[in-house]
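Analysis of the macromolecular model
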Amino acid sequence: MEIKEVGIIGSGQMGNGIAHVCALSGYKVVLIDIAEEALTNAIGTIKKNLKRQVEKEKISQSDMDRALSNIVTNTESKALKNADLIIEAATENFDLKVKIFKGVLEYIKESCLLSTNTSSMSITKLAANTDRPERFIGLHFMNPVPVMKLVEIIPGIATSDEMLETTKSFAESLGKTIAVAKDYPAFIANRILVPMINEAIYSLYEGAGDIKSIDTAMKLGMGHPMGPLELADFVGLDTCLAIMNVLYEGFGDTKYSPCPLLVKYVEAGWYGVKSGKGFYDYSGATPIPTK
């Protein structure tokens, strides 16, 4: 299973990061989104992040130019006709992901491999909604993709050994370190991380400490580079809630019950950095706690 051209569906924070590392590693990339404005913003972000790497002397200017020349954008799924691998990187919504995969099947070639960047959902269930479950896998990149070394690879029940090995080789060709996870809710990283974030939100909700104190305690007391509430804002509170719901529904254990305060923030549209407000307000030069 040879991969030369990668189709990436979704040009947001994860999608543009995946496009960045794929293009920098020499793959042809077709970046798809429903809105032209989203694609323009994505290319702007990729250019900015590549330039930062040039300034830090991690890559050369010619590397940057070559990477940008490897990326084309389109709003139509038919542009994926020559893709060898599809990576779906849309919002963490099961029905939307199924709709995306069903929508591209008529355009992609018979040999095209399918993958999803879902951070928590059943790979087996998503694969069952396609015509090639044996060539479907979870390919979960960490945020920010150009910086974080880990990629979780999650085979579903029907995923073939050849597909697993091909995906491993692909991830390693991007300079990533792989961790193979079982197809259980939230896999490995988020099964550990997001309940910790949820517990930090419960600590705020129940008055154990304020936002700054909780984050300071974990940064200085546990050596974490970011406090859990700051990290939640970076991940996206809507994404944290979606993962907690997957865990709660998947295991039926009350320890995975989303904190009511997390639910309220999401209901308010306070998703964190991407919306300008979450546990911190990002409207000024320095983020300040919202509570």
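Residues numbered from 1 in each chain as written. Predicted model: local features only at pLDDT ≥ 70, side-chain atom pairs only at ≥ 80, totals over all residues. Heavy atoms only, no water.

So, on to the sheet that holds strand β2 (residues 28-32). In space, the eight strands of this open sheet follow the order β3-β2-β1-β4-β5-β6-β7-β8, with mixed pairing throughout. Each edge of the open sheet is held by one strand with a lone partner, namely β3 (71-74) and β8 (177-180). Adjacent strand axes in the sheet meet at a mean angle of 25°, parallel and antiparallel pairs treated alike. As judged from the four bridges shared by β2 and β3, these two strands associate in the parallel manner. Of the residues in β3, the one forming a bridge with V30 is V72. (Pairing = 2+ DSSP bridges. Helix = DSSP H or I, 4+ residues; strand = E, 2+ residues; numbered from the N terminus. Axes fitted to C-alpha atoms, helices over the stretch in contact; angles between N-to-C directions.)

When a protein is soluble and globular, its nonpolar side chains tend to lie buried together. Ranked by internal contacts, the top residues of the largest apolar core, which has 36 residues, are I87, F141 and F170. No other element matches helix α1 (residues 13-24), which puts six residues into this core. By size, the runner-up hydrophobic cluster in this structure holds 26 residues, among which are V194, I197, M244 and L262. (Core = buried A, V, L, I, M, F, W, Y, C linked by side-chain atoms within 4.5 Å. Buried < 20%, exposed > 50% of the residue type's maximum accessible area, 1.4 Å probe, protein only.)

A few words on a positive patch on the surface. Where like charges cluster on the molecular surface, the positive patch consists of K48, R52, K56, K58 and K149. Its place among the elements puts K58 in the loop between α2 (36-55) and α3 (61-69). Judged by relative accessible area, which is 62%, K58 ranks as exposed. (Patch = residues over 30% accessible without salt bridge, like charges linked within 9 Å, V, L, I, M, F, W, Y side chains within 5 Å. Areas by Shrake-Rupley, 256 points an atom, 1.4 Å probe, with all protein chains shown as cover. Salt bridge = Lys/Arg side-chain N within 4 Å of Asp/Glu carboxyl O. Lys, Arg positive; Asp, Glu negative; His and termini not counted. Charge placed at Lys NZ, Arg CZ, Asp CG, Glu CD.)

For the rest of this paragraph, the subject is the UniProt feature "binding site: NAD(+)" (unreviewed entry) in the protein chain. Look at the UniProt record and you will see "binding site: NAD(+)" (unreviewed entry) annotated at G10, S11, G12, Q13, M14, G15, D33, E92, K97, S119, N143 and K274. The topology assignment puts G10 in the loop between β1 (5-9) and α1. Once residues within four sequence positions are removed from consideration, G10 is found in contact with G15, N16, L31, I32, D33 and A89. In this structure, G15 sits in helix α1. Given the relative accessible area of 0%, G15 is considered buried. (UniProt positions renumbered as here; feature names shortened; annotations may be inferred. Contact = heavy atoms within 4.5 Å.)

Across the five residues that make up β1, a large majority, five, are buried. Side chains E5, G7 and I9 of β1 all project onto a buried face; the interleaved residues V6 and I8 project onto the opposite face, where all are buried too. Strand direction decides the pairing type here: β1 and β2, joined by five bridges, are parallel. Each residue of the ladder has a partner; that of I9, found in β2, is I32. Note on the crossover from β1 through α1 to β2: the handedness is right-handed. Both β1 and strand β4 (residues 85-88) contribute to a ladder of four bridges, which runs parallel. By the bridge assignment, G7 is partnered in β4 with I86. (Right-handed = clockwise from strand over helix to strand, strands pointing away.)

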